[in-house]
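# Per-entry structural report
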Amino acid sequence: FGAFLMRDRPGGVLEMVREGSRALAVPVVCKIRLLSLPVSVGNGGLPGMALVSETVEFCRRLEEAGAAMIVVHGRTIDMKNHRSLHPADHEAIGIIRAHVRVPVVANGDIRSMEEHGRCLEKTGADGAMVATELM
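Rules used throughout
Residues numbered from 1 in each chain as written. Predicted model: local features only at pLDDT ≥ 70, side-chain atom pairs only at ≥ 80, totals over all residues. Heavy atoms only, no water. Helix = DSSP H or I, 4+ residues; strand = E, 2+ residues; numbered from the N terminus. Buried < 20%, exposed > 50% of the residue type's maximum accessible area, 1.4 Å probe, protein only. Contact = heavy atoms within 4.5 Å. Areas by Shrake-Rupley, 256 points an atom, 1.4 Å probe, with all protein chains shown as cover. Expected span 1.5 Å × (residues − 1). Arc of directions from axis to C-beta. Pairing = 2+ DSSP bridges. Axes fitted to C-alpha atoms, helices over the stretch in contact; angles between N-to-C directions. Core = buried A, V, L, I, M, F, W, Y, C linked by side-chain atoms within 4.5 Å.

Per an unreviewed UniProt entry, the protein is named DUS-like FMN-binding domain-containing protein, and its organism is Tetraparma gracilis.

A separate point is the overall build of the protein. Each helix and strand counted, the protein has 5 helices and 4 strands in total. When the helices and strands of the protein are listed from N to C terminus, the series reads α-α-β-α-β-α-β-α-β. In the protein, which comprises 135 residues, the share counted as buried stands at 42%. Restricting the contact set of the protein to residue pairs at least 6 apart, pairs at least 24 apart contribute 61%. On the protein, roughly 7,700 Å² of surface is accessible, and the fraction owed to carbon and sulfur atoms is 56%.

Turning next to helix H2 (residues 10–23). With 14 residues, H2 should reach 20 Å at 1.5 Å per residue; the first-to-last C-alpha distance of 20 Å fits that figure. Listed in full, the buried residues belonging to H2 are Val13, Leu14, Val17 and Gly20. Within H2, the buried residues cover an arc of 130° as seen down the axis, which keeps them to one side. Residues Arg22 and Ala23 are exposed on H2 and point more than 90 degrees away from its buried face.

Glancing now at the sheet that holds strand E4 (residues 127–129). Here we have 4 strands laid out as an open sheet, ordered E1-E2-E3-E4, and parallel in their pairing. Two strands lie at the open edges of the sheet, namely strand E1 (29–34) and E4, each paired on one side alone. Pairs of neighbouring strands in the sheet enclose a mean axial angle of 30°, with direction left out of account. Examined bridge by bridge, strand E3 (residues 104–107) and E4 share 3 bridges and lie parallel to one another. By the bridge assignment for E4, Asn107 is matched with Met129.

Bringing the nonpolar core into the picture now. Core analysis: the largest hydrophobic core is formed by 28 residues, its most contacted members being Val17, Ile32, Phe58, Leu62, Ile70 and Val72. Sorting elements by how many residues they give to this core places helix H3 (residues 52–65) first, with 5 residues. Residues contacting Phe58, with those up to four places away along its chain left out, are Met6, Pro10, Val13, Leu14, Ile32 and Leu35.

In C-alpha cells, the structure reads:
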C-alpha cells in the first residue's frame, strides 16, 4: 500500500512524485492518509494519534516535488480497521487545505450527499471522494 511507503520511505515517495511530474505529460495526483504515531503495546495496540503538523509538512513537500493535487484520507494507516472508533478527521483535512496551494480532495466518512456537503464546508476542500454507498 502507498500509505506504508509514505510512513516507511517518505523520501522515496517524494522522489517518485518528483520524477513522475518531470517525465509525465499528465498531472501527478497523490492520495495519502494522515501520518501517525506508531501503534504501541502501551495503548492496547490501538491506532496511534494522528500527527497533523507532520502531515501538513509532508503535503508541502509533495507539492514542492510536483504533485498537482492531493487527496487526503482523514484516518491514519492504523485506523483503517477501527473505523467505528475513529471517524475521519475532517478538521485535519481542513488544516492541510489551508497550508498548501494545490487542490485538496477530502476522503473518509462520506456516505451521503449531506455528509458530502458537511465535509466540504468543514474542510474547505476543493472536492471530496465518496464511499461506495453513493455509487
